[in-house]
Amino acid sequence: MTELNKIALKIISKGKGILAADESNGTMSKRLGAVGVSSTPENRLKFREILFSSDIMNECIGGVILFDETINQFTSSGKTIPELISSSGAVPGIKVDTGAKDLANSTKEKVTEGLDGLRERLKKYYQLGARFTKWRGVFSIGNEKPSELAIHSNSHALARYSALVQECGMVPIVEPEVLMDGDHSADECYNKTSEVIKKCFEQLIFNKIDLSGVILKPNMILAGSLSKNKISSEEISHKTIQCLKNSVPTEVPGIAFLSGGQSEIEATENLNLINKNNNTKFIMTYSFGRALQQSALKKWSKNIKDIEETQRIFNHRAKMCTSAAQGKWSSELENK
Ligand code: 5MM
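This write-up is about the structure you can find in this document. Here the structure is a predicted model, which is why all the values come from computation and not from measurement.

### Describing the packing of aromatic side chains
Inference 1: The final tally for this structure, using the stated rule, is 3 aromatic pairs.
Inference 2: Aromatic side chains Tyr286 and Phe288 sit 5.6 Å apart centroid to centroid with 40° between the ring planes, which places their arrangement in the tilted category. Just as Tyr286 is buried, Phe288 falls in that class too.
Inference 3: The cationic tip of Arg131 hangs over the ring face of Tyr126; the distance from NZ or CZ to the ring centre is 3.6 Å.

### What about the pattern of salt bridges?
Inference 1: In this structure the tally under the stated criterion is 18 salt bridges.
Inference 2: Arg136 serves as the salt-bridge partner of Glu175, at 3.8 Å between the closest nitrogen and oxygen. Remark: Arg136 occurs in strand β6 (residues 132-139) and Glu175 occurs in strand β7 (residues 171-178); sequence separation between them is 39 residues.
Inference 3: Judged by relative accessible area, Glu175 falls into the buried class, the value being 3%.
Inference 4: Ionic pairing is found between Lys192 and Glu195, a salt bridge with its closest N-O pair at 3.9 Å. Of this pair, Lys192 and Glu195 both sit in helix α9 (residues 186-206), 3 residues apart, roughly one helical turn.
Inference 5: Salt bridges sharing partners connect three or more residues here, namely Asp22, Lys95, Lys134, Arg136, Glu175 and Glu177.

### Topic: the nonpolar core
Inference 1: Counting 84 residues, the largest nonpolar core has Phe52 and Phe288 as the members making the most contacts within it.
Inference 2: The next biggest cluster of nonpolar side chains, apart from the first, holds 14 residues, and it includes Leu4, Ile12, Val91 and Ile215.

### Re the sheet that holds strand β10 (residues 283-288)
Inference 1: Around the barrel, 8 strands lie side by side as β1-β2-β3-β6-β7-β8-β9-β10; this closed barrel has parallel pairing.
Inference 2: Relative to β7, β6 runs parallel, the two being bridged by 8 bridges. Paired with Trp135 across the two strands is Val174, which belongs to β7.
Inference 3: α9 rests against β6, β7 and β8 (215-216) of the sheet, and its axis sits at about 150° to β7.

### Section: the environment of Leu216
Inference 1: Position of Leu216 among the secondary structure elements: in strand β8.
Inference 2: A residue is classified by how much of its surface remains accessible, and Leu216, at 0% relative accessible area, is buried.
Inference 3: Sequence-wise, Leu216 and Ile65 are 151 residues apart; in three dimensions their C-alpha atoms are separated by 14 Å.
Inference 4: Those residues in contact with Leu216, other than ones at most four positions away along the chain, are Val174, Pro176, Ile197, Phe201, Leu244, Val248, Gly254, Ile255 and Ala256.

### Quick look at unusual backbone geometry
Inference 1: A cis amide bond, omega -5°, links Lys145 with the succeeding residue Pro146.
Inference 2: Within the secondary structure, Pro146 sits in the loop between β6 and α8 (148-167).
Inference 3: At Lys14, a residue that is not glycine, the phi angle is positive and equals roughly 55°.
Inference 4: Topologically, Lys14 is positioned in the loop between α1 (3-12) and β1 (17-20).
Inference 5: Backbone geometry at Asn105 places phi at a positive 65°, although glycine is not the residue there.
Inference 6: Within the fold, Asn105 resides in the loop between β4 (100-102) and β5 (110-112).
Inference 7: For Asn105, a relative accessible area of 79% translates into the label exposed.

### Structural notes on α1
Inference 1: Taken residue by residue, α1 has Leu4, Asn5, Ile7, Ala8, Ile11 and Ile12 as its buried positions. The buried residues of α1 occupy an angular sector of 160° when projected down its axis, which confines them to one face.
Inference 2: Lys14 lies just past α1 and shows a positive phi near 55°.

About the thresholds
Residues numbered from 1 in each chain as written. Predicted model: local features only at pLDDT ≥ 70, side-chain atom pairs only at ≥ 80, totals over all residues. Heavy atoms only, no water. Phe/Tyr/Trp six-rings, centres within 6.5 Å; stacked < 30°, edge-to-face > 60°. Buried < 20%, exposed > 50% of the residue type's maximum accessible area, 1.4 Å probe, protein only. Lys NZ or Arg CZ within 6 Å of the ring centre and 35° of its normal. Salt bridge = Lys/Arg side-chain N within 4 Å of Asp/Glu carboxyl O. Helix = DSSP H or I, 4+ residues; strand = E, 2+ residues; numbered from the N terminus. Core = buried A, V, L, I, M, F, W, Y, C linked by side-chain atoms within 4.5 Å. Pairing = 2+ DSSP bridges. Contact = heavy atoms within 4.5 Å. Axes fitted to C-alpha atoms, helices over the stretch in contact; angles between N-to-C directions. Arc of directions from axis to C-beta.

Next comes the structure, spelled out in structure tokens:
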């Protein structure tokens, strides 16, 4: 077992999942603005510190993805944020891409940037305590999209990123997100997601990546958010498993899904069925942002001094997601 494989397994084994708290300041300002809290570095830290110091971290959260601002901040008692996360038994991680920018010669498609100077930034993050990283390529479906150009450009970047991350002794999370925006069918999502994931692994293999030290963070296979032909959770689980079985090399230890705009319950129920029906060797868990934080953020915004109630809500959500990562979730458990 390689060191990288050990780190990957520590993050995703035993029903543990990943808390994606790597919202850039722009996204975090939208999230905080939507609940009427001003987006200052202090407020962003306050909310995140409440989550990272929750009781449930030890039982459910194997890794936390941070944004550059947060990995450099200190807790109220003077610890660094990576120290706080490590003290709960979770692995600190860091988002290292610098965002999705317009892809030249495409029709409004995106390419994720951040390769320039990455080797040096990675060394700094390693010293700060990070042991895994994240890079997100984003694709939309519709009007000949995603184009071959967008798929090629983003998978090439994901592979070059992964090589640099492994060189620095960290596990890369490879996140090719096919967005659910649009009126496409679940089958279109299946076809496009398969094409994107296959291309990513083709590039990862070409770049000699140790696949046992990689975590894939994909979308689930869903009909577009505006589609009139939604499919059931049971169908979502079968299509998602099939897609991954056909496109992910077996050396990859695990898959940690993004929630992508699904509600907390939808994302949990779908993950649960994916695990119940999982006939692969991949660990299937979560790397949720919104589906772990939404309710806690809403509650916190009502009274930002009420740490206990915010943590109670976050603890419950994380527990539900971990039950789902073991195929043990039920709606009764949700409402207990
Ligand atoms: C937490 O949000 C991340 C994106 O932040 P920026 O868009 O500000 O860079 C995002 O990559 C996230 O990690 C994944 O999309 C998963 O989050 P969701 O909310 O889809 O589960």
